Amino acid sequence: MVENGKYIDVNGINTHYHEDGQGEALLLIHGSGPGVSAWANWRLVFPILSKHYHLYAPDVVGFGYSDRPEGIQYGIDVWAEHMINFLEAVNEKKVSIIGNSFGGAIALHVAKRRPDLINKLILMGSVGIDHSIAYGLDAVWGYQPSIENMKNLIKIFAYDQSMAENGDLVEMRYKSSIQEGFQESFSSMFPEPRQRHVDAMALSIDELSEIQFPVLLIHGREDQVIPLEETSFKLVKALPDAQLHVFPHCGHWVQIEKTKEFAGQVIEFLNPAVK
């Protein structure tokens with residue numbers, strides 16, 4: 001898998017995405033870190049999951065290499081509709097969704113608006129329920145580009161603090177964050193006060209109770225960005241058919257810090273017969 005994928009027109013939005021594999025359709029929605037893209041989020045699990053599923057990993061509008069339309073007002077409505085329209089553009093009638101963090105909130109909103117599109121949901125370190133914004137998320141959304149700031153963010157994202165000493169990783173993520181247009185759109189999405197953006201993504205308990213699909217919640221126990229106790233613990237109670245798996249010694253980057261274990265959880269949940 002390489003950074004350059006395909007492009008498709010999604011209601012006038014030139015949308016960059018990666019596609020691979022065969023079988024049941026699986027949509028992977030990335031998180032909201034600075035310089036993030038589908039490739040940055042899913043590059044390690046793509047080769048594993050593509051052996052079992054037909055994968056789609058788009059850059060959500062405003063992120064990665066998808067369009068940043070002039071004058072657009074970013075928010076959960078725009079992002080959820082973009083993913084719904086993307087599925088229609090690639091002609092997928094029914095999918096399971098993996099949503100990472102911010103992508104988990106998008107997945108929940110897609111499920112609420114278009115239940116006909118959904119098989120199962122996998123929400124990893126997900127927002128989507130009322131909670132107080134953590135210091136870590138405030139720092140992520142308030143990022144200003146510099147090598148030192150990116151190094152500090154990686155310390156927040158990862159349980160393994162040595163990852164922040166990986167100069168190649170720090171430089172890769174920093175350079176990604178300063179590509180043309182990236183920081184400009186990112187800084188416009190989550191201005192202070194940032195609690196309001198968490199609130200806007202949250203569904204009510206009544207709304208969550210209406211989501212009847214099987215849901216797997218996955219969370220790193222030491223997550224400093226989206227605290228386990230404030231989110232997944234609440235979601236597993238609110239969603240009627242939800243289960244929760246917690247990875248110890250793991251931060252917000254479950255798919256990176258626990259790649260094989262994460263992929264195994266996904267495969268077992270989506271199809272227990274697959275080995």
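Right above here is the structure, for reference.
So, here is what we can say about the structure in this document. Treat the numbers as computed from the prediction; the structure is a model and nothing was measured. (Residues numbered from 1 in each chain as written. Predicted model: local features only at pLDDT ≥ 70, side-chain atom pairs only at ≥ 80, totals over all residues. Heavy atoms only, no water.)

## Some details on the overall build of the protein
Right, so step 1: Regarding its fold elements, the protein presents 13 helices and eight strands.
Right, so step 2: Relative to its length of 275 residues, the protein is compact, with a C-alpha radius of gyration of 17 Å against a globular reference of 19 Å.
Right, so step 3: Reported as C-alpha extents along the three principal axes, the dimensions of the protein are approximately 45 × 40 × 35 Å.
Right, so step 4: Here the protein, with 275 residues, has 55% of them falling under the buried criterion.
Right, so step 5: For the protein, long-range pairs separated by at least 24 residues make up 74% of all intrachain contacts whose partners lie at least 6 apart in sequence.
Right, so step 6: Counting every atom, the protein has about 11,300 Å² of accessible surface; 48% of that belongs to carbon and sulfur. (Helix = DSSP H or I, 4+ residues; strand = E, 2+ residues; numbered from the N terminus. Rg over C-alpha atoms; globule rule 2.2 N^0.38 Å. Buried < 20%, exposed > 50% of the residue type's maximum accessible area, 1.4 Å probe, protein only. Contact = heavy atoms within 4.5 Å. Areas by Shrake-Rupley, 256 points an atom, 1.4 Å probe, with all protein chains shown as cover.)

## Focus: the pairing of strand 4 (residues 54–58)
Regular strands place side chains that alternate from one sheet face to the opposite one.
Right, so step 1: Burial of strand 4 is extensive: five of the five residues sit out of reach of the surface.
Right, so step 2: Taking every second residue as pointing to the same face, both faces of strand 4 are buried, with His54, Tyr56 and Pro58 on one and Leu55 and Ala57 on the other.
Right, so step 3: Pairing analysis gives four bridges linking strand 2 (residues 13–20) to strand 4, with the strands arranged antiparallel. Bridge pairing in strand 4 places His18 opposite Ala57.
Right, so step 4: Of the pairings in the sheet, the one linking strand 3 (residues 25–29) to strand 4 comprises three bridges and is parallel in character. Across the sheet, the residue bridging to Ala25 is His54, located in strand 4. (Pairing = 2+ DSSP bridges.)

## Some details on the environment of Val127
Right, so step 1: Relative to the elements of secondary structure, Val127 occurs in the loop between strand 6 (118–124) and helix 5 (135–141).
Right, so step 2: The spacing of Val127 and Glu24 is 103 residues in sequence and 26 Å in space, taken between C-alpha atoms.
Right, so step 3: If we skip the residues at most four places from it in the chain, Val127 touches Ser101, Phe102, Gly104, Ala105, Leu108, Met201 and Ile226.

## Some thoughts on the environment of Val36
Right, so step 1: With respect to the element layout, Val36 can be found in the loop between strand 3 and helix 1 (38–42).
Right, so step 2: Residue Val36 is classed as buried on the basis of its relative accessible area, which comes to 4%.
Right, so step 3: Taking the C-alpha atoms as reference points, Val36 and Tyr65, separated by 29 residues in sequence, lie 9.8 Å from one another.
Right, so step 4: Each residue touching Val36, except ones within four places of it in the same chain, is listed here: His30, Gly31, Asn41, Phe63, Gly64 and Arg173.

## A few points about the pattern of salt bridges
Right, so step 1: According to the stated counting rule, one finds 12 salt bridges in the structure shown.
Right, so step 2: We note a salt bridge from Lys6 to Glu19, for which the minimum N-O separation is 2.8 Å. One end of the pair, Lys6, is in strand 1 (residues 6–10); the other, Glu19, is in strand 2, with 13 residues separating them in the sequence.
Right, so step 3: The exposure class of Lys6 is partly exposed, given its relative accessible area of 38%.
Right, so step 4: Assessed through its relative accessible area of 27%, Glu19 is described here as partly exposed. (Salt bridge = Lys/Arg side-chain N within 4 Å of Asp/Glu carboxyl O.)

## Notes on the nonpolar core
Soluble, globular proteins show a tendency: their nonpolar side chains are buried together.
Right, so step 1: Trp79, Phe86 and Leu121 are the most contacted members of the largest nonpolar core, which has 68 residues in total.
Right, so step 2: In this structure, Phe86 is in contact with Ile8, Val10, Thr15, Tyr17, Leu27, Tyr56 and Pro58, ignoring residues within four places of it in sequence.
Right, so step 3: One finds Trp42, Val45, Ile98 and Val254 within the second-largest nonpolar core, a separate group that totals 24 residues. (Core = buried A, V, L, I, M, F, W, Y, C linked by side-chain atoms within 4.5 Å.)

## Quick notes on the side chain of His252
Right, so step 1: Counting through the fold element by element, His252 comes out in the loop between strand 8 (242–247) and helix 12 (254–257).
Right, so step 2: Here the side chain of His252 touches Ser101 through a polar contact of 3.1 Å, side chain to side chain.
Right, so step 3: Every residue in contact with His252, bar those within four places of it in the chain, is listed here: Asn100, Ser101, Gly125, Phe157, Asp223, Val225 and Ile226. (Polar contact = N/O pair within 3.5 Å; in protein donor to acceptor, adjacent residues only side chain to side chain.)

## A closer look at the packing of aromatic side chains
Right, so step 1: In the structure shown here, the tally under the stated rule is 12 aromatic pairs.
Right, so step 2: Through a chain of ring-to-ring contacts, the aromatic side chains of Phe63, Tyr74, Trp79, Phe102, Trp141, Phe186 and Phe190 assemble into a single cluster.
Right, so step 3: We note Arg68 situated over the ring of Phe182; from NZ or CZ to the ring centre the distance is 4.3 Å. (Phe/Tyr/Trp six-rings, centres within 6.5 Å; stacked < 30°, edge-to-face > 60°. Lys NZ or Arg CZ within 6 Å of the ring centre and 35° of its normal.)

## Structural notes on helix 13 (residues 259–270)
Right, so step 1: Helix length check: helix 13, at 12 residues, gives a terminal C-alpha distance of 17 Å against a target of 16 Å (1.5 Å per residue), a fit within 8%.
Right, so step 2: Within the sequence span of helix 13, burial applies to Thr259, Phe262, Ala263, Gln265, Val266, Ile267, Phe269 and Leu270. (Expected span 1.5 Å × (residues − 1).)

## Things to note about the sheet that holds strand 7 (residues 215–220)
Right, so step 1: Strand order in this open sheet of eight strands is 1-2-4-3-5-6-7-8, and the pairing throughout is mixed. Lying at the two open borders of the sheet, with one neighbouring strand each, are strand 1 and strand 8. Along the sheet, successive strands turn relative to each other by an average axial angle of 25°, direction set aside.
Right, so step 2: Here strand 7 runs beside strand 8; their pairing, made up of six bridges, is parallel. When the sheet's bridge partners are listed, Leu217 is paired in strand 8 with Leu244.
Right, so step 3: The sheet contacts of helix 3 (residues 76–89) involve strand 1, strand 2, strand 3, strand 4 and strand 5 (95–100), and relative to strand 1 the element is tilted by about 110°.
Right, so step 4: The strands touched by helix 13 are strand 3, strand 5, strand 6, strand 7 and strand 8; relative to strand 6, the strand with the most contacts, the crossing angle is about 155°. (Axes fitted to C-alpha atoms, helices over the stretch in contact; angles between N-to-C directions.)

So, to be careful, I would describe these as geometric facts and stop short of saying anything about function.
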